[in-house]
Amino acid sequence: MVKILVLYYSRSGNTETLAKAVAEGARSVEGVNVELKRVDYATVEDMISCDGVAVGSPNYFGYMAGIMKDFFDKAWSVRDKLAGKPYVAFTCGGGSRTTALQSIETVLNAFKMEKVAEGVAWGLRDHGPPSEKDLTPLRKLGETLAKEVLKRKVETPKE
């Protein structure tokens with residue numbers, strides 16, 4: 001079994017809805033265990049112990065939530081343990097702007113983690129709160145991450 005961490009922050013519940021869809025997509029892949037965790041309840045060890053991570057945040061002033069950035073600041077000292085780990089990212093905000101998504105990806109790239117799929121930037125102003133059918137791209141994002149993590153585990157088994 002491989003472990004996927006879906007790490008997110010949500011105040012209004014919209015980003016949490018997206019996070020649950022990502023987790024659902026990852027769980028649809030056999031051999032994958034998924035942990036869905038709000039960043040304010042997560043530890044750096046959660047990031048270290050997973051095989052892949054999906055990170056989601058609201059878009060606040062064109063950037064990820066401050067609490068998410070704070071988490072990454074605390075994880076900086078263990079960045080070598082995160083290098084090469086597969087990730088995907090998603091955001092939710094007023095519009096479909098990708099600046100918050102880019103901020104997450106910039107930080108994770110600084111950790112030398114590897115993006116395995118294009119992220120999703122959900123725009124509330126453009127689309128309204130996510131409906132059931134709107135969650136399809138988020139499920140696909142989780143599924144893609146899970147398949148990539150499994151593929152890597154098969155290609156490089158632990159000795």
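Criteria and thresholds
- Residues numbered from 1 in each chain as written.
- Predicted model: local features only at pLDDT ≥ 70, side-chain atom pairs only at ≥ 80, totals over all residues.
- Heavy atoms only, no water.
- Helix = DSSP H or I, 4+ residues; strand = E, 2+ residues; numbered from the N terminus.
- Rg over C-alpha atoms; globule rule 2.2 N^0.38 Å.
- Buried < 20%, exposed > 50% of the residue type's maximum accessible area, 1.4 Å probe, protein only.
- Contact = heavy atoms within 4.5 Å.
- Areas by Shrake-Rupley, 256 points an atom, 1.4 Å probe, with all protein chains shown as cover.
- Lys, Arg positive; Asp, Glu negative; His and termini not counted.
- Charge placed at Lys NZ, Arg CZ, Asp CG, Glu CD.
- Expected span 1.5 Å × (residues − 1).
- Salt bridge = Lys/Arg side-chain N within 4 Å of Asp/Glu carboxyl O.
- 1 Å grid on protein atoms, 1.4 Å probe; cavity = no way out; pocket = protein on both sides within 12 Å on 5 of 7 lines; lining within 4 Å.
- Points joined across faces, edges and corners; volume = space filled by probe spheres on them.

K.L.:
For this particular structure, what's the right way to read the overall build of the chain?
P.N.:
Each helix and strand counted, the chain has seven helices and six strands in total. Ordering the α and β elements of the chain from the N terminus gives β-α-β-α-β-α-α-β-α-β-β-α-α. The C-alpha radius of gyration computed for the chain amounts to 14 Å, which stays within 12% of the reference 15 Å derived for 159 residues, consistent with globular compactness. Over its C-alpha atoms, taken along the principal directions, the chain stretches across nearly 50 × 35 × 25 Å. Residues counted as buried form 50% of the 159 residues belonging to the chain. Pairs at least 24 apart in sequence give 81% of the contacts found in the chain among residues at least 6 apart. Carbon and sulfur atoms make up 51% of the accessible area of the chain, which totals about 7,800 Å². Of the side-chain charges in the chain, 23 are positive and 21 negative, and the distance between the mean point of each set is 3 Å.

K.L.:
Explain helix α1 (residues 14-27) to me, please; I cannot follow it from the model alone.
P.N.:
The periodicity of an α-helix, 3.6 residues per turn, causes residues three or four places apart in sequence to face the same way. Between its first and last C-alpha atoms α1 spans 20 Å; for 14 residues at 1.5 Å apiece the expected length is 20 Å, and the two agree. Those residues of α1 that fall on the buried side of the exposure criterion are Asn-14, Thr-15, Leu-18, Ala-19, Ala-21, Val-22, Ala-23, Gly-25 and Ala-26.

K.L.:
What am I meant to see in the pattern of salt bridges here?
P.N.:
Pairing is possible between side chains of opposite charge, provided their charged atoms come close. All chains considered together, the criterion is met by 16 salt bridges. Its salt-bridge partner being Arg-139, residue Glu-24 comes within 3.1 Å of it at the nearest N-O pair. Residue Glu-24 is located in helix α1, and its partner Arg-139 is located in helix α7 (residues 136-155); the two are separated by 115 residues in the primary sequence. Taking relative accessible area as the criterion, Arg-139 reaches 17% and is therefore assigned buried. A salt bridge links Arg-139 to Glu-132; its shortest N-O distance comes to 2.3 Å. Residue class for Glu-132 comes out exposed when judged on its relative accessible area of 56%. What emerges from the salt-bridge pattern is a single network uniting Lys-3, Glu-35, Lys-37 and Asp-46.

K.L.:
Sorry if this is basic, but what is going on with helix α5 (residues 99-110) here?
P.N.:
The end-to-end C-alpha separation of α5 is 16 Å, in line with the 16 Å expected for 12 residues at 1.5 Å each. For α5, the full list of buried residues reads Ala-100, Leu-101, Ser-103, Ile-104, Glu-105, Val-107 and Leu-108. Those residues of α5 that are buried lie in contact with β3 (52-58), α3 (66-75), β4 (86-93), β5 (114-115) and β6 (120-123). A positive backbone phi angle near 65 degrees is found at Lys-112, which sits one or two residues after α5.

K.L.:
Any chance you could explain the layout of surface pockets here in plain terms?
P.N.:
Sizing a probe to match a water molecule and rolling it over the atoms shows the empty space that remains. What the largest pocket holds in volume is close to 290 Å³. Contributing to the lining of the largest pocket are 13 residues, with Cys-50, Asp-51, Lys-85, Pro-86 and Lys-153 lying nearest its centre. Of all the secondary-structure elements, those providing two or more residues to the lining of the largest pocket are α2 (44-49) and α7. Among the elements that line the lining of the largest pocket, the one with the most residues is α7, at three residues.

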